[in-house]
Amino acid sequence: MINSYTRNLITRRRALQLGTAGLATLTITPKFAKAADELNCLVWCDHTHARLLDPFAEKHGVKINVKEYEGTGTAYSLLEQSQPGDWDVFVIDSVDVPGAVAKGVLAELPDADMPWADIFPELKQPQLHYSDGKLYAMPEKFGYNSIAFNNTKVSAEDVATAAVMWNPKYAGRIAIYNYYIPTMEMVALGIGIRPDTITKDSLPAIREKLLEMKKLASVVGDVVTTQNALLTGSADILVAGGEYTVAGMMVEKPELDWTLPKEGGIRWGQAIGVFADSAKKDLATEFVKYIVSPQGQGALATADCYWAMPANSKAELDEGQKKQLRWDQQPGFIANSHPYFIPDADLDAAMLDVWTEVLGA
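Residues numbered from 1 in each chain as written. Predicted model: local features only at pLDDT ≥ 70, side-chain atom pairs only at ≥ 80, totals over all residues. Heavy atoms only, no water.

(A) Molecular detail of the overall build of the chain. Along its length, the chain carries 15 helices and 14 strands. Since a compact globule built from 361 residues should have a radius of gyration of about 21 Å, the 20 Å found for the chain is in line with a globular shape. Projected onto its principal axes, the C-alpha positions of the chain cover 60 × 45 × 40 Å. Considering the chain as a whole, with its 361 residues, one finds that 57% of them fall into the buried category. Total accessible area on the chain stands at roughly 14,400 Å², and carbon and sulfur atoms take up 51% of it. Side-chain charges in the chain split into 33 positive and 46 negative, and the spacing between the mean points of these groups amounts to 3 Å. (Helix = DSSP H or I, 4+ residues; strand = E, 2+ residues; numbered from the N terminus. Rg over C-alpha atoms; globule rule 2.2 N^0.38 Å. Buried < 20%, exposed > 50% of the residue type's maximum accessible area, 1.4 Å probe, protein only. Areas by Shrake-Rupley, 256 points an atom, 1.4 Å probe, with all protein chains shown as cover. Lys, Arg positive; Asp, Glu negative; His and termini not counted. Charge placed at Lys NZ, Arg CZ, Asp CG, Glu CD.)

Shown next as structure tokens:
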């Protein structure tokens, strides 16, 4: 069963694939050397471009075959259709790592060989990436559901607080990301409720603010719809947007911007590991090390599919890229953000009921 967090990420990735349809397969072969081996990787769209893969392929004389997938459930279906050893590297939602470990999908990684001194410490999250004290996946990229906005139409003072999401000053100029988990958690933060403390008793207050927002909104839609609203000027504020919605466009569209309000934002994360039945664990582990290295992290953070924050604080990024990713503000953003709260089935259903009611209002 796909949980709410995963469904949200599936929606975001699908919208940001820039023309990629369904499952895509790409092969990267070294340009100047005959490939001595192959590495088969089950990945997301941000791991499929040559700028990321070429350096590793050239260095190791290896052909890299990448298959893009959407959602951990889809990945498991692909694995069921494959032979043991067909796959070597797995990119996965951090929240889904424990389930993959329980299924025996992931191999242990050499913890001491990983660049933990350079990884933002809050991303280590042992409860996700470790099991019984053993490392099974490395955090590699993360980002925020927060506030994206047009900085020529919305003041920095206004977006500094979550109340901008229901500020009548911006009536008819607010776009709302149509996914209940991050949007409702953003609203919860705005009224002083930490996401991991949301209960059914919290929902009436969240509902009230959602209804206020809905009256002010010009559009409620998916990532592409709300991005287009910002681009065309039909909205100046995007609720539950973040770096993944605008950072890659900020050079051409400097009016596009994003930030975390003082009340905080919602933090998502992704990880990379090695398949337990890979016959090339050493090479696959070297690939993991490359992806979390400064070089790999710089390319991954600025992937054509979508930009987001690298897990490695020493990622190779130029000053312009760092500015777009709000690099200097990351310590504060990380400290002031909350990992996705995954509600249990009963609360999830109750939250969805509220969201459905709001959409129909």
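Right, picking up where we left off after that structure.
(B) Here's a closer look at the packing of aromatic side chains. One pass over the full model with this rule turns up 14 aromatic pairs. Here F142 and Y144 contribute two aromatic rings whose centre-to-centre distance is 5.9 Å and whose plane-to-plane angle is 80°, an arrangement assigned as edge-to-face. A ring pair is formed by F287 and Y290, whose centres lie 6.3 Å apart and whose planes are at 45°; its orientation type is tilted. In this pair, F287 and Y290 are both assigned in helix 11 (residues 281–291), three residues apart and thus about one turn of the helix distant. On the basis of relative accessible area, F287 is assigned to the buried category, the value being 2%. Take Y290: its relative accessible area is 9%, and that puts it in the buried class. Chaining the aromatic ring pairs together yields one cluster made of F120, F142, Y144, W258, W327 and F333. One cation-aromatic arrangement involves K103 over Y76; the distance from NZ or CZ to the ring centre is 4.9 Å. Above the plane of the ring of W116 lies K124, whose end atom (NZ or CZ) is 5.0 Å from the centre. (Phe/Tyr/Trp six-rings, centres within 6.5 Å; stacked < 30°, edge-to-face > 60°. Lys NZ or Arg CZ within 6 Å of the ring centre and 35° of its normal.)

(C) Broad picture of the pattern of salt bridges. Evaluated as defined, the whole model comprises 12 salt bridges. The closest approach of N and O atoms between D37 and K280, which form a salt bridge, is 3.4 Å. Placement of the pair is D37 in strand 2 (residues 37–43) and K280 in the loop between strand 12 (265–274) and helix 11, with a sequence separation of 243 residues. Judged by relative accessible area, which is 32%, D37 ranks as partly exposed. Classification of K280 as partly exposed rests on a relative accessible area of 23%. D257 serves as the salt-bridge partner of R326, at 1.9 Å between the closest nitrogen and oxygen. Here D257 lies in strand 11 (residues 256–259) and R326 lies in the loop between helix 13 (319–324) and helix 14 (330–335), a separation of 69 residues in the sequence. One network of salt bridges, with partners in common, ties together D113, E286 and K289. (Salt bridge = Lys/Arg side-chain N within 4 Å of Asp/Glu carboxyl O.)

(D) Local environment of the environment of L359. Position of L359 relative to the elements: it lies in helix 15 (residues 345–360). L359 sits 146 residues away from M213 along the chain, and the two C-alpha atoms are 11 Å apart. Look past the residues within four positions of L359 in its chain and what remains in contact with it is N178, K214 and V220. (Contact = heavy atoms within 4.5 Å.)

(E) The arrangement of the packing of helix 8 (residues 203–216) against helix 15 in detail. Look at helix 8 against helix 15: their axes get within 9 Å of each other, and the N-to-C directions meet at 25°. In this view, helix 8 runs roughly parallel relative to helix 15, as classed from their interaxial angle. Of the two possible hands of crossing, helix 8 and helix 15 adopt the one that is right-handed. Touching L203, R207, L210, L211 and K214 of helix 8 are L347, A350, M351, V354, W355, E357, V358 and L359, all from helix 15. (Axes fitted to C-alpha atoms, helices over the stretch in contact; angles between N-to-C directions. Parallel < 35°, antiparallel > 145°, perpendicular 65-115°, else oblique. Left-handed = near helix turned anticlockwise from the far one by under 90°.)

(F) Local environment of unusual backbone geometry. Unlike most non-glycine residues, Q125 shows phi in positive territory, near 40°. Following the sequence through the fold, Q125 ends up in the loop between helix 4 (97–102) and helix 5 (126–129). Of the residues examined, Q125 reaches a relative accessible area of 15% and is grouped as buried.

(G) Highlighting the pairing of strand 3 (residues 62–68). Counting buried positions over the seven residues of strand 3 gives five, a clear majority of the element. As judged from the seven bridges shared by strand 2 and strand 3, these two strands associate in the parallel manner. Looking across to strand 3, one finds that C41 is bridged to V66. (Pairing = 2+ DSSP bridges.)

In short, geometric facts, not functional conclusions.
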